[in-house]
Amino acid sequence: MPHCQPEQLALAALREPLPADDAAHLGSCAECRAEVAALQRAVDAVAVPEFAEPGPPVAPPASVWAGIAAATGVQATPGGTASDAEPVAPAVTAPAPAAAGGQVLPLRRSRRTVVLVAAAAITGAVVGAGAVALLQGEDSLEPLTTVALEPLDGEPASGRAEVVVRPDGSRALEVDLDAPAVEDAYYEIWLIEPGVVDMVPLGVLRPGTQTFELPAGLDLAAYPIVDVSVEPLDGDPTHSGVSVARGQIES
């Protein structure tokens, strides 16, 4: 069976039900599940309520209008009338030379780009709808090991994480988190190496139960620490340094 179409992968990332054939393929195809897992990270971030809150208006710098005026030949300032405008010669940029002996062509959009566009187009319509299972084949998950997530420094967060494997050999981390809501921040789940230097982000985490795809080939013995962090809404993808719960996978 061919791979799922981009729009079906986008729906799966949004936890929408799929046609039976696509659901069956997704349950057996590690490549398509990896696409869904990558998309779901973005979708989960969008679903954080604080991200949807409008911020205060920000005035653009003067250079923005200067660029518009140079490109269009209009010299009016914002808020002026049409009679204020004085035409000026538009700036002309010489075309970049083509590579010697070849033709310059636009880059072809990758399948991932198409999937991301499809997800972005429908996120606004369906984020917040009732959640359904990401994968229809979750009943076939076989548990490998369970890790207790213990609170750190008296933080009111705890839970468990379970490593599971599917019949095709792909793995997932099922996390059950008991924690209060946080203001102007969100929880994120990580796998960290013992030196607490290198780490693998798995996605945005909310209180309750979620399943995260584990990267193919990831050595859990090298990244045995399961970490729950609180991340501020600052757009920085790195670990905040504020962990609230943690456990270790026993090899």
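This is a predicted model, so every value here is computed, not measured. (Residues numbered from 1 in each chain as written. Predicted model: local features only at pLDDT ≥ 70, side-chain atom pairs only at ≥ 80, totals over all residues. Heavy atoms only, no water.)

## Remarks on the overall build of the protein
Our working rule: Only DSSP runs of H or I with at least four residues qualify as helices, and only runs of E with at least two residues qualify as strands; both kinds are numbered from the N terminus onward. Partly exposed residues are those whose accessible area sits between 20% and 50% of the maximum for their type, while under 20% is buried and over 50% is exposed, using a 1.4 Å probe and protein chains only. Contacts are assigned to residue pairs with any non-hydrogen atoms lying within 4.5 Å of each other. All accessibility values rest on the Shrake-Rupley procedure with a 1.4 Å probe; residue burial counts only the protein chains present in the view.
When you go through the protein residue by residue, the secondary structure sums to six helices and eight strands. Secondary structure elements of the protein, listed N to C terminal, follow the sequence α-α-α-α-α-α-β-β-β-β-β-β-β-β. The proportion of buried residues among the 251 residues of the protein is 34%. Taking all contacts inside the protein whose residues are at least 6 apart in sequence as the whole, residues at least 24 apart take part in 57%. Summing over all exposed atoms, the protein offers an accessible surface of approximately 14,500 Å²; the carbon and sulfur share of this is 59%.

## Thoughts on the state of the cysteines
Definition in use: Any two cysteine sulfur atoms lying within 2.5 Å of each other are counted as a disulfide.
Per the counting criterion, the structure on display carries zero disulfides. With no disulfide of its own, Cys29 lies 3.8 Å from the sulfur of Cys32, the closest cysteine sulfur. Given the relative accessible area of 0%, Cys32 is considered buried.

## So, a nonpolar patch on the surface
This is how it is decided: Only residues above 30% relative accessible area that lack a salt bridge enter a patch, with like-charged residues linked at up to 9 Å and the nonpolar side chains Val, Leu, Ile, Met, Phe, Trp and Tyr linked at up to 5 Å. For this document, the term salt bridge refers to a Lys or Arg side-chain nitrogen within 4 Å of an Asp or Glu carboxyl oxygen.
Together, Val64, Trp65 and Ile68 make up a nonpolar patch on the protein surface, roughly 230 Å² of accessible area in all. Mapped onto the elements of the fold, Trp65 is located in helix 5 (residues 62-72).

## What to know about helix 1 (residues 6-13)
Helix 1 sits mainly inside the fold: six of its eight residues count as buried. For helix 1, the set of buried residues is Pro6, Gln8, Leu9, Ala10, Ala12 and Ala13. Positioned one or two residues after helix 1, Arg15 has a phi angle of 65°, which is positive.

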